Amino acid sequence: MTVMLLGPMIMVGKLPPGWWLCTSIDNAFGLGAVTRVDYGAWTSSIGLVALFDVAFICLGLALGRIRRTRPSPSSHAATQSAG
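Residues numbered from 1 in each chain as written. Predicted model: local features only at pLDDT ≥ 70, side-chain atom pairs only at ≥ 80, totals over all residues. Heavy atoms only, no water.

Asks: An account of a nonpolar patch on the surface is requested, with residue identities and associated values reported.
Replies: On the surface, a cluster of nonpolar side chains totalling about 760 Å² of accessible area is made up of L21, I25, F29, L31, V37, Y39, W42 and I46. Elements with a contribution of two residues or more to the nonpolar patch: α2 (17–29) and α3 (39–69). When you line up the elements, L31 lands in the loop between α2 and α3. Assessed through its relative accessible area of 42%, L31 is described here as partly exposed. (Patch = residues over 30% accessible without salt bridge, like charges linked within 9 Å, V, L, I, M, F, W, Y side chains within 5 Å. Areas by Shrake-Rupley, 256 points an atom, 1.4 Å probe, with all protein chains shown as cover. Salt bridge = Lys/Arg side-chain N within 4 Å of Asp/Glu carboxyl O. Helix = DSSP H or I, 4+ residues; strand = E, 2+ residues; numbered from the N terminus. Buried < 20%, exposed > 50% of the residue type's maximum accessible area, 1.4 Å probe, protein only.)

As structure tokens, this is what we get:
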């Protein structure tokens with residue numbers, strides 16, 4: 001049973017951006033399983049981390065806009081200035 005789950009668990013483990021960041025550090029400094037510095041692999045890993053960053057920023061901006069345009073019934077519709 002554990003052998004059948006090994007492949008999918010490795011695939012799921014490679015999805016978060018933290019794995020790609022650690023891989024890029026290993027490629028940049030030649031650490032871990034990497035025996036030499038591999039700038040091509042480092043660039044591709046950093047590119048994937050940058051794509052995750054762009055996706056998270058866009059998601060945050062979209063959710064912020066949705067929250068601004070549709071206020072919840074328990075909050076005020078508009079913010080009052082203090083002055």
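Asks: Give a description of the confidence of the model for the chain that names residues and reports values.
Replies: Residues of the chain with pLDDT of at least 70 account for 76%, and the chain-wide mean is 79. Per-element confidence in the chain is highest for α3, whose mean pLDDT is 89, and lowest for helix α1 (residues 2–13), whose mean pLDDT is 75. (pLDDT = per-residue confidence, 0-100.)

Asks: Pulling in residues and values, what's your account of α2?
Replies: Taking 1.5 Å per residue as the helical rise, α2 with its 13 residues ought to reach 18 Å, and the 19 Å between its terminal C-alpha atoms agrees with that figure. Where α2 is concerned, the buried positions are T23, S24 and N27. Angular distribution of buried residues about the axis of α2 spans 100 degrees; they occupy a single face of the element. At its buried positions, α2 is contacted by α3. Backbone geometry just downstream of α2 places G30 in the positive-phi region, at approximately 70 degrees. (Expected span 1.5 Å × (residues − 1). Arc of directions from axis to C-beta. Contact = heavy atoms within 4.5 Å.)

Asks: A description of the side chain of S24 should follow, citing residues and the corresponding values.
Replies: In this structure, S24 sits in helix α2. Setting aside anything within four residues of it in sequence, one finds S24 in contact with W42, S45 and I46.

Asks: Go over the packing of α2 against α3 with me, naming the residues and quoting the values.
Replies: At their nearest, the axes of α2 and α3 sit 8 Å apart, and the two run at 155 degrees to each other. It follows that α2 is roughly antiparallel to α3 by the angle criterion. At the point where α2 passes α3, the crossing takes the left-handed sense. Of the residues in α3, those touching α2 at P17, W20, L21, T23, S24, N27 and A28 are A41, W42, S45, I46, L48, V49, F52 and F56. Here the contact of α2 with α3 is composed, by residue class, of 11 nonpolar, four polar and no charged. (Axes fitted to C-alpha atoms, helices over the stretch in contact; angles between N-to-C directions. Parallel < 35°, antiparallel > 145°, perpendicular 65-115°, else oblique. Left-handed = near helix turned anticlockwise from the far one by under 90°. Nonpolar A, V, L, I, M, F, W, Y, C, P; charged D, E, K, R; others polar.)

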